[in-house]
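# Remarks on the overall topology
Here are the chains, one letter per residue:
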Amino acid sequence: MSRRRVARRPEKAVRARPERVAEKADGSFYFRPIAGSSSTKDYRCPGCAQLIRQATPHVVAWPVEKALLSESAIDERRHWHTACWSRRH
């Protein structure tokens, strides 16, 4: 008896939020606001050294140009409290 193939539904495309560019004192950075629901762990904010708890809205930022010893600039991404990112020069 042959098996009948069942057509698979196409998976929904994950809509990525577009990155924005910010000019800071130490260079250009891509950044993306995160709603918080997609966070799966706690992060430490480099601006205030406090924890960003799961499900807390925050900002993810990474340099436009990679550092000298990095594989890519995305390896340097950091999670910031939204207020800390806004205060950064």
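Structure's up top.
Summarised in this report is the structure supplied together with it.

### Details of the overall build of the protein
Looking only at helices and strands, the protein has one helix and six strands in total. Within the protein, buried positions represent 27% of all 89 residues. Taking the intrachain contacts of the protein between residues at least 6 apart in sequence as the baseline, contacts between residues at least 24 apart amount to 43%. Of the accessible surface of the protein, which amounts to about 7,500 Å², a share of 50% is contributed by carbon and sulfur atoms.

### Comments concerning the pattern of salt bridges
Under the criterion given, the structure shown has three salt bridges. Among the ionic pairs, Glu19 bridges to Arg32, the shortest N-O distance being 1.9 Å. You can see Glu19 sitting in the segment before β1 (20-24) and its partner Arg32 sitting in strand β2 (residues 27-34), a full 13 residues away along the chain. Judged by its relative accessible area of 37%, Glu19 falls in the partly exposed class. Given the relative accessible area of 22%, Arg32 is considered partly exposed. Asp26 is paired through a salt bridge with Arg88; the nearest N and O atoms lie 2.5 Å apart. Separated by 62 residues along the polypeptide, Asp26 in the loop between β1 and β2 and Arg88 in the segment after α1 (82-87) bring together distant segments of the chain.

### Section: the packing of aromatic side chains
With the rule as written, the count across this model stands at four aromatic pairs. Arranged with centres 6.0 Å apart and planes meeting at 80 degrees, the rings of Phe29 and Trp85 form a pair that is edge-to-face. Remark: Trp85 occurs in helix α1 and Phe29 occurs in strand β2; sequence separation between them is 56 residues. Ring centres 5.5 Å apart and planes at 65 degrees place the aromatic pair Trp80 and Trp85 in the edge-to-face group. What links up through ring pairs into an aromatic cluster is the set Phe29, Phe31, Trp80 and Trp85. Looking at Lys24, its charged tip hangs above the ring of Trp85, at a distance of 4.6 Å from the centre. Against the face of Phe29 rests Arg88, its NZ or CZ located 4.8 Å from the ring centre.

### Focus: the pairing of strand β5 (residues 58-63)
When a strand is regular, its side chains alternate between the sheet's two faces. Here β5 lies mainly inside the structure; six of its six residues are buried. Across the two faces of β5 the burial is the same, with His58, Val60 and Trp62 and Val59, Ala61 and Pro63 all buried. Where β2 and β5 come together, six bridges link them in antiparallel fashion. Residue Phe31 lies in a different strand from β5, and its bridge partner there is Ala61. Direction of pairing for β5 relative to strand β6 (residues 78-80): antiparallel, over a ladder of three bridges. Bridge pairing in β6 places Val60 opposite His79.

About the cut-offs
Residues numbered from 1 in each chain as written. Predicted model: local features only at pLDDT ≥ 70, side-chain atom pairs only at ≥ 80, totals over all residues. Heavy atoms only, no water. Helix = DSSP H or I, 4+ residues; strand = E, 2+ residues; numbered from the N terminus. Buried < 20%, exposed > 50% of the residue type's maximum accessible area, 1.4 Å probe, protein only. Contact = heavy atoms within 4.5 Å. Areas by Shrake-Rupley, 256 points an atom, 1.4 Å probe, with all protein chains shown as cover. Salt bridge = Lys/Arg side-chain N within 4 Å of Asp/Glu carboxyl O. Phe/Tyr/Trp six-rings, centres within 6.5 Å; stacked < 30°, edge-to-face > 60°. Lys NZ or Arg CZ within 6 Å of the ring centre and 35° of its normal. Pairing = 2+ DSSP bridges.

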